[in-house]
Amino acid sequence: MHQGLPFCWPQFGPGPLQQHGLARYVVWEVADVSASQVTFVLVPNDYTRARWNKEFELRYKVTLGDTELAVELTARNTGAAPFLHQAALHTYFRVSDIREARISGAFAGSTFIDKTDRNARKVERRNVLDIVKFTDAVYLGVHKKSQPISLQSGEGFRRIEIVPETGFEDCVVWNPGGTQPGMEHVENWRDYVCIESAMIEPQELAPGEEWVGRFALRPQPVERSRESP
Ligand SMILES: O=P(O)(O)OC[C@H]1O[C@@H](O)[C@H](O)[C@@H](O)[C@@H]1O
């Protein structure tokens, strides 16, 4: 669960449910498979009902294209009462060394919730973020600007673009930086960064209503600082 794109649903957290909700702790069913696409589905089971007694259907569609991996999460309220939900795909990216990684996007001017500083709301001044310490920042509305976020992670590593499409309006940047309380024992914090496409403001889903979140990951050519001989 600390790799790939784990689900955060119906809660991002912290909150009344466990951190990041329920959907990443249960086994989903495969609903449909083709050569380039797979769809998983999750409906309530004993585990979810014991913790959150709501009726829902989640669908997660992954599409492998020639130049991108596209992911789509759909949440539908199949019950008779409305409920509130949040959603995120807690996407882990491997980097060569977090201290050399650069995250570029339309961050400047965005409000972010600094979870390393008692959830203080701050305004980001930079468009290029570097991670020099424990970072846990929820950038509100950056995906609404429809501009890709780009991760460059050092010599020989591909640059990857996160291309927002719909639903996930916010973006969380997280790395424990070796000093996050409770995570001091995690030694590989230099090897990854999480850039999580998210919908943080709880949204109400009425009976029968659905919410769709979708984005794509596009690897870019390897950028080398020196020409090969
Ligand atoms: O270890 P977990 O539960 O996957 O969470 C890791 C981190 O996930 C991030 O999404 C949160 O913003 C952090 O606060 C949290 O520490």
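Thresholds, definitions, all that
- Residues numbered from 1 in each chain as written.
- Predicted model: local features only at pLDDT ≥ 70, side-chain atom pairs only at ≥ 80, totals over all residues.
- Heavy atoms only, no water.
- Helix = DSSP H or I, 4+ residues; strand = E, 2+ residues; numbered from the N terminus.
- Rg over C-alpha atoms; globule rule 2.2 N^0.38 Å.
- Buried < 20%, exposed > 50% of the residue type's maximum accessible area, 1.4 Å probe, protein only.
- Areas by Shrake-Rupley, 256 points an atom, 1.4 Å probe, with all protein chains shown as cover.
- Lys, Arg positive; Asp, Glu negative; His and termini not counted.
- Charge placed at Lys NZ, Arg CZ, Asp CG, Glu CD.
- Near = heavy atom within 4 Å.
- Polar contact = N/O pair within 3.5 Å; in protein donor to acceptor, adjacent residues only side chain to side chain.
- Nonpolar A, V, L, I, M, F, W, Y, C, P; charged D, E, K, R; others polar.
- Phe/Tyr/Trp six-rings, centres within 6.5 Å; stacked < 30°, edge-to-face > 60°.
- Lys NZ or Arg CZ within 6 Å of the ring centre and 35° of its normal.
- Contact = heavy atoms within 4.5 Å.
- Pairing = 2+ DSSP bridges.
- Core = buried A, V, L, I, M, F, W, Y, C linked by side-chain atoms within 4.5 Å.

As recorded by an unreviewed UniProt entry, the protein chain carries the name Glucose-6-phosphate 1-epimerase and is attributed to Tetraparma gracilis.

A. Layout of the overall build of the protein chain. Of regular secondary structure, the protein chain possesses one helix and 17 strands. The C-alpha atoms of the protein chain give a radius of gyration of 18 Å, which matches the 17 Å a tight globule of 229 residues would have. With the C-alpha coordinates of the protein chain rotated into their principal frame, the extents come out at 65 × 45 × 35 Å. The proportion of buried residues among the 229 residues of the protein chain is 49%. For the protein chain, the accessible surface area stands at approximately 11,800 Å², while carbon and sulfur atoms represent 48% of it. Across the protein chain, 26 positive and 30 negative side-chain charges occur, with their mean positions spaced 4 Å apart.

B. Focus on the site of the ligand. The environment of the ligand is made up of His2, Phe12, Gln19, His20, Arg24, His90, Lys115, Asp136, Val172, Trp174, Gln180 and Glu196. In this structure, an oxygen atom belonging to the ligand sits 2.5 Å away from a side-chain N or O atom of aspartate 136. In the complex, 87% of the free accessible area of the ligand, which totals 390 Å², lies under the protein chains. Along the lines of polarity and charge, the residues of the shell around the ligand split into three nonpolar, five polar and four charged.

C. Quick peek at the packing of aromatic side chains. One pass over the structure, following the stated rule, counts 16 aromatic pairs. On the basis of an interplanar angle of 85 degrees and a centroid distance of 6.3 Å, the ring pair of tyrosine 92 and tryptophan 174 is categorised as edge-to-face. Separated by 82 residues along the polypeptide, tyrosine 92 in strand β7 (residues 92-94) and tryptophan 174 in strand β15 (residues 170-175) bring together distant segments of the chain. Neither tyrosine 92 nor tryptophan 174 differs from the other in exposure class; each is buried. Measuring from ring centre to ring centre gives 6.0 Å for tryptophan 174 and tyrosine 192, while their planes differ by 50 degrees; the resulting arrangement is tilted. Remark: tyrosine 192 occurs in strand β16 (residues 192-205) and tryptophan 174 occurs in strand β15; sequence separation between them is 18 residues. Put simply, the rings of Phe7, Trp28, Phe40 and Tyr60 pair up and form one aromatic cluster. One residue, arginine 51, lies across the ring of tyrosine 47, its end atom 3.6 Å from the ring centre.

D. Fine view of the side chain of threonine 74. Tracing the sequence through the fold places threonine 74 in strand β5 (residues 69-77). Not counting residues within four places of it along the chain, the set of residues in contact with threonine 74 comprises Glu57, Leu58, Arg59, Glu210, Trp211 and Val212.

E. Inspection of the sheet that holds strand β2 (residues 29-33) at higher detail. Pairing is antiparallel in the open sheet, where nine strands are placed in the order β2-β3-β4-β5-β17-β14-β13-β8-β11. Pairing within the sheet leaves two strands with one partner each, and these edge strands are β2 and β11 (128-129). Both β2 and strand β3 (residues 37-42) contribute to a ladder of four bridges, which runs antiparallel. What sits directly across from glutamate 29, in β3, is valine 41.

F. Region of interest: unusual backbone geometry. Here the bond from tryptophan 9 into proline 10 is cis, since omega is 0 degrees, no more than 30 degrees from zero. In this structure, proline 10 sits in the loop between β1 (7-8) and β2. Proline 14 follows glycine 13 through a cis peptide bond whose omega is 0 degrees. For proline 14, the position within the fold is in the loop between β1 and β2. The phi dihedral of asparagine 119 is positive, around 60 degrees, even though this residue is not glycine. Mapped onto the elements of the fold, asparagine 119 is located in the loop between β9 (111-114) and β10 (120-123). For asparagine 119, a relative accessible area of 47% puts it in the partly exposed group.

G. Seen up close, the nonpolar core. Of all hydrophobic cores here, the largest spans 47 residues; its most connected members are Ile103 and Val193. Look past the residues within four positions of isoleucine 103 in its chain and what remains in contact with it is Asn127, Val128, Leu129, Ile131, Ile149, Ser150, Leu151, Val173, Val193 and Ile195. If you look at the next biggest cluster of nonpolar residues, it comprises eight residues, including Phe12, Ala88, Ala198 and Ile200.

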